[in-house]
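Residues per chain are reported as follows:
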Amino acid sequence: MKSAHSVQNRYAQPRLLLTAISLAVLTLANQAAAQTASDDANMTRIEVTGSSIKRVASEASLPVSTIKAEDLVKQGMTTLADVMMALPQSASLAPSNAGSGTNINLRGLGVNRTLVLLNGRRLANEAIADGYANLDVIPISAIARIEILRDGASSIYGSDAIGGVVNFITKTSSEGASITAQAVQPEKKGGGDEQRLSATWGKGNLERDGWSFYATIDAHQRTRLAQSDRAYLSSADQLTALGRAPTLGTGGNATPANFTTPTNKTAQNPYGTKGCLAPYSITGQKNTCVLDNNEYGTALYANQQVTFYARGAKKISDDHIVTVDYSRGEEFILGTKNPTNAVNVNGVAAILPSTSKWYPGGSGGVPAVAGLNNAPLTLTWAVADLGLATTKDVQLNQRLAISDEGVIAGWDYKAGLVIGVSQRDNYYYSGYVKGQGLLDGLKNGKLNPFGLQDADGKAYLATISVDGAKNRTSKSTFTGVDVTASRALMDLQGGSLALALGADFHRDTTEDTKLPIGGEVTYANASPAHGEGARNVAALFAEVNAPVTKTLELNGAVRADKFSDFGTTVNPKLSFRWEPSKTLMFRGSANTGFRAPTLFDRYGYRLPGATTTTAAKWDDPVLCPGGTPGVAGTGTALPGLVASTVCNTTLPKQTGSNASLVPEKSKGYTLGVVMEPVKNAMVSFDYWNIKMTNMLANLPEQVYFLDPVKYASYFVRNADGTINYINNTTMNLGGQRAAGVDVSGSYTFPKTPYGEFKVALDGTYLTQFDNQLYDGSPFASNIGQFGLASNGTTSSFPIITYRWKHTLKLNWATGNWNTQLTQNYNSKYTDQNLVAKPYWRNINSYKVWNFTTTYNGFKNIQLTGGITNLFNVPPPATNSSLYTYGYLSSAASPIGRAYNVRATYNF
């Protein structure tokens with residue numbers, strides 16, 4: 001028998017990690033510091049994210065946050081997921097059960113509205129949704145810095161960047177070799193431990209030798225953290241206190257199975273009065289059995305990444321350089337769900353005939369149940385023998401970029417070619433079988449639905465297993481060429497009037513196929529389907545930068561995009577920078593944006609029926625009426641219906657494309673001030689405001705059930721009144737309005753005999769985050785609560801937007817020591833509260849302190865050690881029906897206190 005823990009470390013073997021051990025490597029921290037120094041020494045004018053005109057970095061008129069590679073070391077981070085989860089401007093999701101990996105969601109506006117770049121150019125998007133990049137495929141060991149343009153709708157990179165731009169900039173060169181190993185070990189036993197190895201080797205110096213080359217490989221893995229590893233988060237007592245007692249269920253899929261008869265639709269169980277079968281089930285209502293979610297739940301999914309990056313540059317002349325870089329990132333996620341259920345196949349239910357030896361009172365030893373009279377039993381059965389139903393989601397992203405830059409006739413120019421391919425395959429890893437095979441095994445007496453299988457039953461399950469079979473394959477591509485040229489036109493009072501002109505052309509394609517085997521594995525509820533689409537986009541853009549006086553600089557840019565399927569759109573952007581004194585600077589910008597539906601949203605598959613089930617359990621508002629709207633388990637099944645099929649259960653849902661979608665548009669502006677109130681101090685405040693119309697999104701599930709009369713047309717029903725599916729495809733909703741203030745501050749204390757002390761704060765305060773479900777409907781605030789926005793193709797979960805979120809850093813450096821204390825803070829919010837009113841609650845603020853110290857006193861060796869979640873703060877509990885493990889996974893980590901060690905050796 002496969003236990004619920006059998007998949008915890010089964011695939012997370014060091015096979016791919018061992019590939020990295022044999023390679024040479026360079027430390028992230030040392031290389032990033034050296035690279036930054038090299039950039040500062042050799043280039044007085046650099047291109048800052050958000051502009052095509054080279055200038056001194058401190059002259060930025062747009063709000064850009066920079067995270068250097070050494071900052072990642074100081075904070076003990078192992079992946080880019082750590083970076084994005086801590087970023088105050090982001091409402092990101094870490095690697096999830098969906099398999100889509102880490103995404104970044106600036107401003108909480110949705111992952112599709114944040115543009116991710118690698119060295120200023122796009123990657124191929126995650127293959128299924130084709131609307132955003134998976135950050136896990138970007139090689140963290142190659143990163144020199146990350147620049148976050150917090151102003152949206154870029155006229156330079158694309159008007160679809162409504163939420164902002166994140167530009168991952170790699171090191172330009174590296175000499176020598178080094179190896180780095182890193183491990184994270186939770187204090188509490190169980191899973192969730194991490195290991196990371198990275199290696200780099202490089203040779204050549206562009207200035208000295210006229211060429212350079214380096215390559216780096218990085219491997220990371222995390223084991224599965226089972227819900228039972230942190231049982232205190234989701235114990236029966238904890239869930240009961242939240243209003244979601246696990247024993248409230250009745251008659252659902254379990255081992256031993258519950259059953260009904262043709263004349264008695266009230267669920268029964270031969271072991272209901274005997275305590276069911278621990279640890280697989282617990283006793284539910286009316287002497288039925290329900291699954292013990294604490295046994296099967298997963299708090300964090302097993303995840304592994306291997307990334308490779310190589311870069312070579314050749315100096316053709318003093319002002320002409322050709323660069324070629326190649327990146328390859330591969331990731332897998334093991335996604336788990338409750339054990340396989342014996343569900344209907346082509347309308348035929350799971351039936352146990354009286355001829356089976358496992359019939360209650362028969363020769364198999366199952367206790368007799370009074371009043372059955374050999375009637376066939378309709379079962380609700382979860383096959384405990386199969387263990388967790390586990391899928392393996394594998395992503396492979398590759399990108400080749402060729403860049404030519406230099407100076408011709410006084411023009412700074414650059415031209416590039418990018419070819420990107422993203423592939424994603426999904427496999428049945430373990431615990432999945434053919435649905436018809438289960439029904440046949442019940443009929444012929446091979447399978448025992450009331451307990452664990454005997455030898456014959458186990459052998460039969462093996463014959464209907466689909467473990468290892470691929471069930472879905474997807475591919476997206478990005479091919480683009482671009483050219484930009486800039487030069488000074490004339491002298492103004494404050495400097496040179498500069499002009500930049502550019503053009504780019506790119507082609508996106510997507511293809512997604514759900515394979516026929518999905519139709520046989522009925523528990524996965526994935527019908528065979530195929531969708532594909534392509535789009536060409538041609539763009540022209542121009543930028544003018546005018547230093548009108550020594551204190552006032554104006555910048556204007558405009559971009560015209562021609563979409564092969566949506567025509568032409570023109571979007572301008574204006575910005576200014578005014579510095580009345582050396583200690584005071586004002587800046588601001590205004591822009592418009594345009595985002596076409598993703599290829600998947602517009603051209604992907606659209607099947608006539610259900611394609612999945614709801615993420616949470618709900619009451620069918622027609623067949624289980626009388627309850628509190630949106631609160632599952634409060635309705636009553638109509639006479640003659642099986643309560644477990646219409647009350648407090650998952651319901652069929654249709655997702656997929658929508659050919660009638662139209663683009664969404666936006667308007668935004670920023671206004672900020674940067675001050676140096678005292679020496680060695682900096683404070684900035686940037687107000688931002690974004691408004692969208694025709695917002696492209698999925699409705700969060702609770703919307704349908706909070707007002708089922710208004711959304712009755714979205715419940716598509718069969719002739720007998722049961723739900724065929726709930727329409728949850730991507731739609732053009734109403735508008736969205738978001739605004740807030742980004743706050744940054746830093747202070748370096750005067751030097752002391754005890755070392756140098758620094759303090760820095762980076763935070764965001766929301767003043768508005770309103771959603772409109774349809775054009776003309778009232779706006780509803782989403783601040784500090786579960787709102788009406790969702791992550792769309794990534795997740796149907798509603799986004800939580802905090803009133804205030806910050807990162808506070810306290811740093812001390814002396815000699816060979818550098819120590820940092822970091823606080824990540826989310827303000828309090830209102831729980832979803834789709835439970836009985838006595839259980840309504842607010843969730844307190846979440847404050848986690850991390851401690852890291854680095855020592856460089858040994859020759860060729862750097863050592864780093866630290867403690868994550870120093871004070872062992874538990875994640876805040878939630879009564880949301882979407883989080884059955886009791887905590888909000890998108891807001892906090894369930895790991896608790898963990899120890900982080902890192903060692904680097906330079907050859």
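Before reading on, note that the structure itself is shown above.
Here is a short report on the structure shown in this document. (Residues numbered from 1 in each chain as written. Predicted model: local features only at pLDDT ≥ 70, side-chain atom pairs only at ≥ 80, totals over all residues. Heavy atoms only, no water.)

## Here we look at the overall build of the protein chain
The helix and strand tally for the protein chain stands at 14 helices and 46 strands. The globule rule puts the C-alpha radius of gyration for 907 residues at 29 Å, and the 29 Å found for the protein chain is close to it. Along the first, second and third principal axes, the C-alpha set of the protein chain runs to 100 × 60 × 50 Å. When the 907 residues of the protein chain are sorted by exposure, 58% land in the buried category. In the protein chain, the share of contacts with a sequence separation of at least 24, taken over all contacts with a separation of at least 6, comes to 72%. With the model as given, the accessible surface of the protein chain reaches about 34600 Å², and the carbon-plus-sulfur share is 57%. Charge centroids of the protein chain, computed over 79 positive and 67 negative side chains, lie 3 Å from each other. (Helix = DSSP H or I, 4+ residues; strand = E, 2+ residues; numbered from the N terminus. Rg over C-alpha atoms; globule rule 2.2 N^0.38 Å. Buried < 20%, exposed > 50% of the residue type's maximum accessible area, 1.4 Å probe, protein only. Contact = heavy atoms within 4.5 Å. Areas by Shrake-Rupley, 256 points an atom, 1.4 Å probe, with all protein chains shown as cover. Lys, Arg positive; Asp, Glu negative; His and termini not counted. Charge placed at Lys NZ, Arg CZ, Asp CG, Glu CD.)

## Some thoughts on the sheet that holds strand β11 (residues 264–268)
Strand order in the open sheet made by the four strands is β11-β10-β18-β17, with antiparallel pairing throughout. The open sheet has two edge strands, β11 and β17 (351–352), and neither has a second partner. The sheet contact formed by β17 and strand β18 (residues 377–380) spans two bridges and is antiparallel. Each residue of the ladder has a partner; that of Leu352, found in β18, is Leu377. (Pairing = 2+ DSSP bridges.)

## Things to note about the sheet that holds strand β1 (residues 64–68)
If you walk across this open sheet you meet the five strands as β1-β4-β5-β2-β3, and the pairing is mixed. Edge positions in the sheet fall to β1 and β3 (121–122), since each of these pairs with one other strand and no more.

## Some words on the environment of Asp620
Turning to its location among the elements, Asp620 is positioned in the loop between β27 (612–613) and α13 (643–646). The spacing of Asp620 and Asn648 is 28 residues in sequence and 8.2 Å in space, taken between C-alpha atoms. One polar contact links the side chain of Asp620 to the main-chain amide nitrogen of Leu623, over a distance of 3.2 Å. In this structure the side chain of Asp620 is engaged in a polar contact, spanning 2.8 Å, whose partner is the side chain of Arg717. (Polar contact = N/O pair within 3.5 Å; in protein donor to acceptor, adjacent residues only side chain to side chain.)

## Notes on the state of the cysteines
Tallying each qualifying case throughout the model produces two disulfides. Looking at the protein chain, its bonded cysteines, counted consecutively from the start of the sequence, adopt the pairing 1-2, 3-4. (Disulfide = S-S within 2.5 Å.)

## Some remarks on the side chain of Ser589
In this fold, Ser589 is placed in strand β26 (residues 584–595). A polar side-chain atom of Ser589 sits 2.6 Å from a polar atom in the side chain of Asp151. Among the polar contacts listed, one links the side chain of Ser589 to the side chain of Thr670, at a separation of 2.7 Å. Setting aside residues no more than four positions away along its own chain, Ser589 makes contact with Leu62, Asp151, Leu574, Ser575, Gly668, Tyr669 and Thr670.

## As for helix α10 (residues 455–463)
Of the positions making up α10, those classed as buried are Gly457, Tyr460 and Leu461. Taken end-on, α10 shows its buried residues confined to a sector of 100°, consistent with a single buried face. In this structure, α10 carries Ala455, Ala462 and Thr463 as exposed residues pointing more than 90 degrees from its buried face. Against α9 (435–443) lie the buried residues of α10. The distance from a side-chain oxygen at the start of α10 to the backbone nitrogen of Asp456 is 3.2 Å, and the residue carrying that oxygen is Asp454. (Arc of directions from axis to C-beta.)

## Re the packing of aromatic side chains
Counting across every chain of the model gives 22 aromatic pairs. Between the aromatic rings of Phe563 and Phe594, the centroid separation amounts to 5.4 Å while the plane-to-plane angle is 40°, which identifies the pairing as tilted. Note that Phe563 is positioned in strand β24 (residues 552–563) and Phe594 in strand β26, a separation of 31 residues in sequence. The exposure class of Phe563 is buried, given its relative accessible area of 12%. (Phe/Tyr/Trp six-rings, centres within 6.5 Å; stacked < 30°, edge-to-face > 60°.)

## Regarding α9
Because each turn of an α-helix spans 3.6 residues, side chains separated by three or four positions in sequence point in the same direction. Listed as buried for α9 are Gly435, Gly437, Leu438, Leu439, Gly441 and Leu442. Summarising the contacts, the buried residues of α9 are in contact with β17, β18, α10 and α11 (517–520). Backbone geometry just after α9 places Gly445 at a positive phi near 85°.

## Regarding the side chain of Thr223
In this structure, Thr223 sits in the loop between β8 (211–222) and β9 (225–226). Given the relative accessible area of 4%, Thr223 is considered buried. A polar contact of 3.2 Å, which involves the side chain of Thr223, links it to the backbone nitrogen of Gly192. In this structure the side chain of Thr223 is engaged in a polar contact, spanning 2.5 Å, whose partner is the side chain of Asp193.

## Remarks on the pairing of strand β2 (residues 114–118)
Across the five residues that make up β2, a large majority, five, are buried. Burial of the side chains of β2 extends over both faces: Thr114, Val116 and Leu118 are buried on one face and Leu115 and Leu117 on the other. Across five bridges, β2 lies against strand β5 (residues 164–170) in parallel orientation. Paired with Leu117 across the bridge in β5 is Asn167. Two strands pair when backbone bridges link them, and β2 and β3 are joined in this way by two bridges, in the antiparallel orientation. Looking at the pairing, Leu118 lines up with Arg121 of β3. Between the end of β2 and the start of β3, which pair antiparallel, lie two residues, with Asn119 showing a positive phi angle near 55°.

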